[in-house]
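Commentary on secondary and tertiary structure
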Amino acid sequence: MSAMPGEHGPITSAADVDLSDYAFWARPMSERERAFELLRALPHPAFYAEPEVSFAPRGPGYHALARHADILEASRTPEVFCSGDGGATNIPDMPPEFAEYFGSMINMDDPRHARLRRIVSRAFTPKMIKKFEADVEAAATKIVDDLLDRGPGCDFVTEVAARLPLKIICDMMGIPERDHGFVFDRSNRILGGFDPEYGGGDPATVAEHLLTAGMELDRLVQDLAAHRTAHPTGDLTSALVNANIDGERLTGQELGSFFILLVVAGNETTRNAISYGLRLLTRNPDQRALWLTDIDGHAPGAVEEIVRLASPVNFMRRKVTRDHEMNGTLYRKGEKVVLYYWSANRDEAVFTDPLRFDILRTEGPHVGFGGPGPHFCLGAHLARREITAMFRELLRRVPHIEGGSPQRLHSSFINGIKHMPCDF
Ligand code: HEM
């Protein structure tokens, strides 16, 4: 059994850091910052044995890419650093039975990836995007109305940050309001699969737990899809079931796994960016004061800076398809590399005073939405709109709201906040 947080010695060199030790991800953020600073300073990326899991044999290990330059280069070289062959969203290879629910385009390579992205992008038409922009504003207004009614002391994550992305993604897909809580719960189980609060924590049952949540979401979408095939509306599910590109349609499995990817990716990440955003404003009153001088004008810079420092998706992984040298390191066929976006977004070679929250920052690009390449976040535009709308409402109507001590999600994959009291 691994040591509990607090049982570790201090991190004084890169040799003290084990990213495969699950307990590492519960250590204080200041220690995580120190650990990755040390990893970025190494002449070559550190190589780790893979964490042991019950649902997959132990793989060959992985290079931990911590530097911005390596992550950019790996992202734009997908023919060498591939997302298929075991998946991008997990370090151990995804077992075949997971593919039914989690084998969507994020875990595929071209040409299959490109085909799916083409079909799906067709459904994300400018008209559809315009429509949900108005919905985002209205939903943010309603959430802040409710916050003011309820008064200070509530949980900012569940009462504010989580509500906006959940409502928008569910409305886009046409999921009725009565099922929103179900989607919230099942996406928490999928991304927080190892956190005891979301029913995880037992390595022996984690695979079953994830599969059950995937199966339940799949059932919801298959019912909805059957209904929309017969009675199309203007929602995304109708567009997806009826999308037809050069005679190609999504199969039932493709639709189900894409739906799961969308609700999970569209929910948790933006929620965590909003929660971290409030934390950053609380700890940086000078930046709040600056933002308040021109709420709309400073919003684009502030939102990018929130996503940079929040880095809600900590990593994605790739598998090496052939021997390849990159930035002075040799990567061998069959090895894995893990792209630590959270670390790249703090790389002192790119960002001056990288831990500082600076809404006027111009350096970058940050890689919070992924690096340049075929998998760059499909929802980045929507996420930016949601974060902007939420902070515009908060800063206008509750300008001095503060976020208290966050309860972090125990996860190596998602940099999440489960609960955070707020005061105003
Ligand atoms: C702040 C919020 C968000 C963050 C930080 C984020 C982060 C990311 C990252 C890092 C990737 C890259 C995956 C890779 O390179 O392997 C990605 C891909 C993706 N994201 Fe997001 N995301 C956010 C919001 C959203 C939203 C709102 C949606 C959907 C409505 C979404 C849907 C997707 C999809 C479908 C992909 C896969 C794209 C592909 O494989 O071609 N994301 N996201």
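The sections below set out a description of the structure shown in this document. In this numbering scheme, every chain counts its residues from 1 along its sequence in written order. Side-chain atom pairs in this predicted model are given and counted only at pLDDT of 80 or more, local residue features only at pLDDT of at least 70, and totals for whole chains, interfaces and linings cover all residues. Each side-chain value is worked out from all heavy atoms of the structure, with water and hydrogens disregarded.

We now examine the layout of surface pockets. Taken as a whole, the second largest pocket spans an internal volume of roughly 440 Å³. Grid spacing is 1 Å over the protein atoms alone, the probe is 1.4 Å, and a cavity is where that probe fits but cannot get out, while a pocket is an open set with protein on both sides within 12 Å along at least five of seven lines and lining residues have an atom within 4 Å of a point. Around the second largest pocket sit 15 residues that line it, and Met29, Glu33, Tyr276, Leu280 and Arg283 are the ones nearest its centre. Each helix corresponds to a stretch of at least 4 residues labelled H or I by DSSP, and each strand to a stretch of at least 2 residues labelled E; elements are numbered beginning at the N terminus. Sorting the residues of the lining of the second largest pocket by element identifies helix H1 (29–40) and helix H11 (252–283) as the ones contributing at least two each. The element best represented in the lining of the second largest pocket is H11, accounting for four residues. Classification used: nonpolar for Ala, Val, Leu, Ile, Met, Phe, Trp, Tyr, Cys and Pro, charged for Asp, Glu, Lys and Arg, polar for all others including Gly. Looking at the lining of the second largest pocket residue by residue, the class counts come to eight nonpolar, two polar and five charged. Grid points are joined across faces, edges and corners, and a volume is the space filled by probe spheres set on the points.

For our purposes a nonpolar core is just a set of buried Ala, Val, Leu, Ile, Met, Phe, Trp, Tyr and Cys residues, chained together by side-chain atoms within 4.5 Å. Partly exposed residues are those whose accessible area sits between 20% and 50% of the maximum for their type, while under 20% is buried and over 50% is exposed, using a 1.4 Å probe and protein chains only. Counting residues in hydrophobic clusters, the biggest one holds 129 residues, and the most contacted among them are Leu19, Phe156, Trp291 and Tyr340. The element contributing the most residues to this core is H11, with 14 residues. Whether two residues are in contact is decided by their heavy atoms, any of which lying within 4.5 Å being enough. Ignoring sequence-local partners within four residues, the contact set of Leu19 consists of Phe24, Trp25, Phe36, Leu39, Tyr48, Tyr62, Ala64 and Tyr340.

Attention shifts here to the side chain of His366. For His366, the position within the fold is in the loop between helix H14 (341–344) and helix H15 (380–397). Any pair of nitrogen or oxygen atoms within 3.5 Å is treated as a polar contact; in protein, a donor-acceptor pairing is required on top of that, and neighbouring residues in sequence qualify only through side-chain atoms on both sides. Polar contacts involving the side chain of His366 include one to the side chain of Glu304, which spans 2.7 Å. Of the polar contacts made by the side chain of His366, one reaches the backbone nitrogen of Gly368; its length is 2.9 Å. In contact with His366, other than residues within four places in its own chain, are Glu304, Val307, Arg308, Asn345 and Phe351.

Turning our eyes to something else, we now look at the coordination of the iron atom of the ligand. Note on donors: an N, O or S atom is included if it sits within 2.8 Å of the metal, or within 3.2 Å for Na, K and Ca, and water is never included, so sites can look incomplete. Counting protein donors to the iron atom of the ligand gives just one, Cys377 (SG), placed at 2.3 Å. Inspection of the secondary structure puts Cys377 in the loop between H14 and H15.

Moving on, we get to the site of the ligand. Near the ligand you find 26 residues, and of these His113, Arg117, Arg318, His375 and Cys377 are the closest. Between the ligand and the protein, one listed contact pairs an oxygen atom with a side-chain N or O atom of Arg318 at 2.8 Å. Contacts to the ligand include His375, whose side-chain N or O atom sits 2.7 Å from an oxygen atom. Among the elements that take part in the shell around the ligand, H11 stands out by supplying six residues, more than any other. Grouping the constituent residues of the shell around the ligand by class yields 16 nonpolar, eight polar and two charged. By convention in this text, a residue qualifies as near a molecule or strand provided that one of its non-hydrogen atoms is within 4 Å of it.

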